[in-house]
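# Structural overview for review
Here is what each chain is made of, one letter per residue.
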Amino acid sequence: MTSEGTKHGPKRNKGFDATHDLIVTAAASLISQKGVDALSMAAVARAVGINRTTLYYHFDDREALLAAVKSWSSEQLGRGFSPQAPQRDRIDHITRFVLENAEVIKLWLDDFISTGNIRERYPHWDELIDGMANKPGTPDDDVIDPEVYCTILLTAAFIAPRVYHQSVRPDLSPEAVIEKFRHEHQRTLRRDGVSSE
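This write-up is about the structure you can find in this document. Note that the structure is a prediction, hence the values are computed from the model and not measured.

## A look at the layout of surface pockets
Within this model, the largest pocket holds a volume of roughly 500 Å³. Forming the walls of the largest pocket are 21 residues, and the residues nearest its centre are Phe81, Arg90, Leu128, Met132 and Leu189. When contributions to the lining of the largest pocket are tallied by element, the ones reaching two or more residues are helix H5 (87–100), helix H8 (125–130), helix H9 (146–168) and helix H10 (174–191). Among the elements that take part in the lining of the largest pocket, H5 stands out by supplying five residues, more than any other. Of the residues assigned to the lining of the largest pocket, the class counts are eleven nonpolar, seven polar and three charged.

Okay, here's the thing in structure tokens:
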């Protein structure tokens, strides 16, 4: 089996890639709508409009498909930490993804909090740590521990929007929640001297 979760070797062509991506996003959508227990190879094949033989050509089994969904969600979340995008857009992207894909996030969080090296599950970890250095001249008693700080930030980014929207303020629209979280994240980063935006 290859790292793509198929037994048929590397991806073949553009049509293969497009179908592969469509399968993964359809699986993620099904998980978001009905939960991971409702995911089946037959349901994904129906959602995509392909036969199960084609689906099995892309993924050996349900576990391989789940692994691809986790990888896809990591890529989506990783976009929220791309230094090329403005901070505002990055914060909004993560909050929106968490709100729109709550069940996928639950699946991804199981891996995120599991034992082992976080760098294997979250390839942007070291970049995030490097970006949290204090400004020169910060007093020693006020220096941020970047690993602890980043753990807190990620936990807040991946869990808090869902808790807030479902339990604290279910009356708010997702856009209002996104705006509130952007404001608080930016305020916290400015207060802690790790952002000037």
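Back to the text.
## Digging into the nonpolar core
In this structure, Val44, Phe59, Tyr122 and Phe158 are the most contacted members of the largest nonpolar core, which totals 47 residues. Sorting the residues of this core by element identifies helix H1 (14–34), helix H2 (41–48), helix H4 (62–78), H5, helix H6 (102–112), H8 and H9 as the ones contributing at least two each. Ignoring any residue separated from it by four or fewer positions in sequence, one finds phenylalanine 158 in contact with Leu77, Phe81, Ile94, Val98, Ile105, Trp108, Leu109 and Phe112. Counting six residues, the second largest nonpolar core, distinct from the first, contains Leu99, Leu172, Ile178 and Phe181.

## Here's the deal with the packing of aromatic side chains
Per the counting criterion, the structure on display carries three aromatic pairs. With a centroid separation of 5.7 Å and an interplanar angle of 80°, the aromatic rings of phenylalanine 16 and tyrosine 57 are classed as edge-to-face. Remark: tyrosine 57 occurs in helix H3 (residues 52–58) and phenylalanine 16 occurs in helix H1; sequence separation between them is 41 residues. Given the relative accessible area of 9%, phenylalanine 16 is considered buried. Relative accessible area serves as the criterion here: at 28%, tyrosine 57 is assigned to the partly exposed category. Ring geometry for tyrosine 164 against phenylalanine 181: centres 5.5 Å apart, planes inclined by 75°, an arrangement best described as edge-to-face. One end of the pair, tyrosine 164, is in helix H9; the other, phenylalanine 181, is in helix H10, and 17 residues separate them in sequence. When sorted by exposure, tyrosine 164 lands in the same class as phenylalanine 181, which is buried.

## Some points on the pattern of salt bridges
Side chains that differ in charge, positive against negative, can pair when their charged atoms come close. Per the counting criterion, the structure on display carries nine salt bridges. Where arginine 96 meets glutamate 175, a salt bridge forms, and the shortest distance between an N and an O atom there is 2.9 Å. One end of the pair, arginine 96, is in helix H5; the other, glutamate 175, is in helix H10, with 79 residues separating them in the sequence. Looking at arginine 96, the relative accessible area reads 26%, which means it is partly exposed.

Reading guide: rules and limits
- Residues numbered from 1 in each chain as written.
- Predicted model: local features only at pLDDT ≥ 70, side-chain atom pairs only at ≥ 80, totals over all residues.
- Heavy atoms only, no water.
- 1 Å grid on protein atoms, 1.4 Å probe; cavity = no way out; pocket = protein on both sides within 12 Å on 5 of 7 lines; lining within 4 Å.
- Points joined across faces, edges and corners; volume = space filled by probe spheres on them.
- Helix = DSSP H or I, 4+ residues; strand = E, 2+ residues; numbered from the N terminus.
- Nonpolar A, V, L, I, M, F, W, Y, C, P; charged D, E, K, R; others polar.
- Core = buried A, V, L, I, M, F, W, Y, C linked by side-chain atoms within 4.5 Å.
- Buried < 20%, exposed > 50% of the residue type's maximum accessible area, 1.4 Å probe, protein only.
- Contact = heavy atoms within 4.5 Å.
- Phe/Tyr/Trp six-rings, centres within 6.5 Å; stacked < 30°, edge-to-face > 60°.
- Salt bridge = Lys/Arg side-chain N within 4 Å of Asp/Glu carboxyl O.

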